[in-house]
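Given next are the chains, with one letter for each unit.
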Protein chains: 2
Amino acid sequence: MEDKIIMAHGSGGSATGELIDNIFDREFTNETLDAMEDSAVVEGSGRIAMTTDSFVVTPAEFKGGDIGRLCVCGTVNDLLMRGATPKYLTCGFILEEGLSIALLKRVVHSMAQTAKEAGVKIVAGDTKVVNGSGELYINTAGVGFVSDDTDISAVNAEVGDAIIVSGNMGDHHAAILSERMCIDTDICSDNAPLVDIVKNLLGSGVEVHTLRDITRGGLATVLKELSEQSKKTFTIDENRVPVTKKVADFAGLLGLDPLYMGNEGKLVAIVKGSDANKALDIIKNSKYGENAAIIGKVAGNSTGRLIEVTDLGGERELDVLQGEGLPRIC
Amino acid sequence: MEDKIIMAHGSGGSATGELIDNIFDREFTNETLDAMEDSAVVEGSGRIAMTTDSFVVTPAEFKGGDIGRLCVCGTVNDLLMRGATPKYLTCGFILEEGLSIALLKRVVHSMAQTAKEAGVKIVAGDTKVVNGSGELYINTAGVGFVSDDTDISAVNAEVGDAIIVSGNMGDHHAAILSERMCIDTDICSDNAPLVDIVKNLLGSGVEVHTLRDITRGGLATVLKELSEQSKKTFTIDENRVPVTKKVADFAGLLGLDPLYMGNEGKLVAIVKGSDANKALDIIKNSKYGENAAIIGKVAGNSTGRLIEVTDLGGERELDVLQGEGLPRIC
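This is a predicted model, so every value here is computed, not measured. (Residues numbered from 1 in each chain as written. Chains lettered and ligands numbered in written order. Predicted model: local features only at pLDDT ≥ 70, side-chain atom pairs only at ≥ 80, totals over all residues. Heavy atoms only, no water.)

Participant: Explain helix α4 (residues 101–118) of chain A to me, please; I cannot follow it from the model alone.
Facilitator: Think of an α-helix as turning once every 3.6 residues; residues three or four places apart then point the same way. Residue and element names in this part refer to chain A. Helix length check: α4 (18 residues) gives 26 Å between terminal C-alpha atoms against 26 Å at 1.5 Å per residue, within 8%. The complete set of buried residues in α4 reads I101, L103, L104, V107, V108, S110, M111, A112, T114, A115 and A118. Two to three positions downstream of the cap, the backbone nitrogen of A102 sits 3.3 Å from a side-chain oxygen, assigning the N-cap of α4 to S100. G119 sits one or two positions beyond α4 and adopts a positive phi of about 75 degrees. (Helix = DSSP H or I, 4+ residues; strand = E, 2+ residues; numbered from the N terminus. Expected span 1.5 Å × (residues − 1). Buried < 20%, exposed > 50% of the residue type's maximum accessible area, 1.4 Å probe, protein only. Polar contact = N/O pair within 3.5 Å; in protein donor to acceptor, adjacent residues only side chain to side chain.)

Participant: When you look at the UniProt feature "domain: PurM-like C-terminal" (unreviewed entry) in chain A in this model, what are you seeing that I'm missing?
Facilitator: According to UniProt, the "domain: PurM-like C-terminal" (unreviewed entry) feature falls on residues 158–304 of chain A. Annotated as 34% helix and 20% strand, the span residues 158–304 of chain A places its first and last C-alpha atoms 12 Å apart. (UniProt positions renumbered as here; feature names shortened; annotations may be inferred.)

Participant: Looking at this structure, I do not really get helix α7 (residues 218–230) of chain A. What am I missing?
Facilitator: Residues and elements named next belong to chain A. For α7, built from 13 residues, the straight-helix expectation of 18 Å at 1.5 Å per residue is met to within 8% by its first-to-last C-alpha distance of 19 Å. Buried residues dominate α7, accounting for ten of its 13 residues. The set of residues buried in α7 consists of G218, L219, A220, T221, V222, L223, K224, L226, S227 and S230. One or two positions beyond α7, positive phi appears at K231, with a value near 55 degrees.

Participant: How should the sheet that holds strand β11 (residues 267–271) of chain A be read in this particular structure?
Facilitator: Hydrogen bonds between backbone groups are what pair the strands of a sheet, and the pairing can be parallel or antiparallel. All names here are of chain A. In spatial order, the strands read β9-β11-β8-β12-β10-β13-β14; together these seven strands make up an open sheet with mixed pairing. Among the strands making up the open sheet, the edge pair consists of β9 (208–213) and β14 (315–318). Mean inter-strand twist for the sheet, computed between neighbouring axes without regard to direction, equals 25 degrees. Where strand β10 (residues 232–237) meets strand β13 (residues 305–309), five bridges bridge the pair, whose relative direction is parallel. (Pairing = 2+ DSSP bridges. Axes fitted to C-alpha atoms, helices over the stretch in contact; angles between N-to-C directions.)

Participant: Would you mind showing me how to read the relation of the copies chain B and chain A here?
Facilitator: For the pair of chain copies, the relating transformation is a rotation about an axis with a translation along it. Note on the identical chains: chain B maps onto chain A by a rotation of 180 degrees and an axial translation of 0.0 Å, with an RMSD of 0.0 Å. Here the transformation between the copies is reduced to the relation of a two-fold axis. By C-alpha distance to the rotation axis, the residue of chain B lying nearest is S45 of chain B, at 2.8 Å. Both copies contact each other with a shared surface, as 100% of the interface residues of chain B are interface residues in chain A too. (Least-squares fit on C-alpha atoms with pLDDT ≥ 70 in both. Contact = heavy atoms within 4.5 Å.)

Participant: Would you explain the UniProt feature "domain: PurM-like N-terminal" (unreviewed entry) in chain A in this entry?
Facilitator: Mapped onto the present numbering, the UniProt feature "domain: PurM-like N-terminal" (unreviewed entry) falls at residues 37–146 of chain A. In residues 37–146 of chain A, helix accounts for 29% and strand for 45%; the two terminal C-alpha atoms are 26 Å from one another.

Participant: Help me understand the pattern of salt bridges in this model?
Facilitator: Any two side chains of opposite charge can pair, on the condition that their charged atoms come close. In total, this model carries 40 salt bridges over all chains according to the counting rule given. Of the charged contacts, one joins R82 of chain B and E37 of chain A as a salt bridge, the two residues approaching to 4.0 Å between their closest N and O atoms. Residue R82 of chain B is located in the loop between α3 (67–80) and β5 (85–96), and its partner E37 of chain A is located in the loop between α2 (31–34) and β1 (40–43); the two belong to separate chains. Like E37 of chain A, R82 of chain B is buried. What emerges from the salt-bridge pattern is a single network uniting E37 and D38 of chain A together with R82, R212 and E225 of chain B. (Salt bridge = Lys/Arg side-chain N within 4 Å of Asp/Glu carboxyl O.)

Participant: Help me understand the pairing of strand β6 (residues 121–130) of chain B, please; the structure alone is not making it clear to me.
Facilitator: Residues and elements named next belong to chain B. Taking burial as the measure, the ten residues of β6 include eight buried ones, the bulk of the element. Where β5 and β6 come together, nine bridges link them in parallel fashion. If you follow G92 over to β6, its bridge partner there is D126. Each parallel crossover has a hand, and the one from β5 via helix α4 (residues 101–118) to β6 is right-handed. (Right-handed = clockwise from strand over helix to strand, strands pointing away.)

Written as structure tokens, this is what we have:
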């Protein structure tokens, strides 16, 4: 019979200890975590970035990734979006009774591998067990260091800036949805840590004003929010937004708009207009950035508007995603 | 009809935005959080402490507290146990569909109040909605600053040290259990931030070697773990462990041992033997420390043993809690 999580794994006693020793510590082992203290003490820095995210994606494993890779990427990417160098993660596991221990082991292994790829250390963790039907939720929080001369923020977009996306839209959303609907496709999730893109961009001399990862709600939601935070009008060109034919076909079939489909390894960069081509080259030559494209510009001042220039030269104004988006995508 | 959480609240679109604006931001508002960036950038320090904890307590409200107060206290206390000054919290909410919005508002308000009491700022948050039966899970992660001359650690206990607890054992456990069993009692949870006790203790010149909060698994589990981490034998005196008559009666009725009952506002301090009385006085004169007691000592070197000296002068060796502890107590 397959080993499953039982309530005793969450009591704080010996069953919890065994779970931690046999699954988590084995994968995440490092000096700080192994000390098994109430909190981890690590070297700090002048300015720190902090973020948190909970991951509830269902199914927990999907083409191209899993909840473990996803949760590390999500937190690492949120730190990167402020120009921080991601350093330390904490993780909190909520395990529903009945969860497959084999699945948990695969997920934890995937977290460890992704943390290694992203150059971050998992320094603290916690595990709880709840009643339910075998699902797995993971919260990750992260700390990164921000150098004194770095100022990347949602409010920094300026008129004339170029808007660049780092790759194709909608792959993660389509991968999750096709798993759920049992549609046979080879679309893979894009879940990836964007360390290389951001490091190269910030080290290049390009004047980067804003970075944001494009997750729940999709590109249009992110750009509309950024337009409001910076009080600018953004225009984007429908034809320039990169979408693979597979995802476009999948979206067409289901009546979805790739502009509102979620990603987990893509960012939007708003950079000084005259640096646009240099920035694009840098992103294209970075890991996970090969399909980057300049898709629009910061066109003027306003209370925050997002305008898409359509194929025939028409315009449509875009809003954030309304409540109907795909739930539990991350 | 009562307002409930629906799946659309978790889509990342406008329904999510309304939830965040109307409930979370209203209570937690501060400059860093209000910036609504992917991560919060705050002033750092030379050494930082990091910790995380997920809270799944059921019921979410109980005599003397609620999951909101609990989650702030738990994380603040974990930071304090390394001698850190707690500074910043992140919080991740996992809301099950059907959760009462009125309950969520009360919990969020309680978090904001407790954060204020503990002197910490909530700087980043995340919300997800999942299927289920209206339950609420909260993950909190925290960052605190540790001064260069502070070295509080589980491995630091020395032979001759005194073992002090900051108050009565078992109140939280008894409060949760009586709610679940619909037993009418006025036992209140002890959930509290231990900022004052730790600040006063560390500022007093007392040589503090180890601090640990006594949560899941209870005092015996915590002491057994500390004995193993420091490779020492601890002895405690059964008669000196403070337990109220109400909790002792409650435990007796249900066949529970207060040494293994969970708390959420108590710590164990291991201090230099000659400083024991001074440390006790300081704790007794600090907020939430009035019932502190010296309960034992670090008696010798070993691979880690915990020995209780019983009423009649006998001895029993104690182990960590076995798997049968009360689940979902925090």
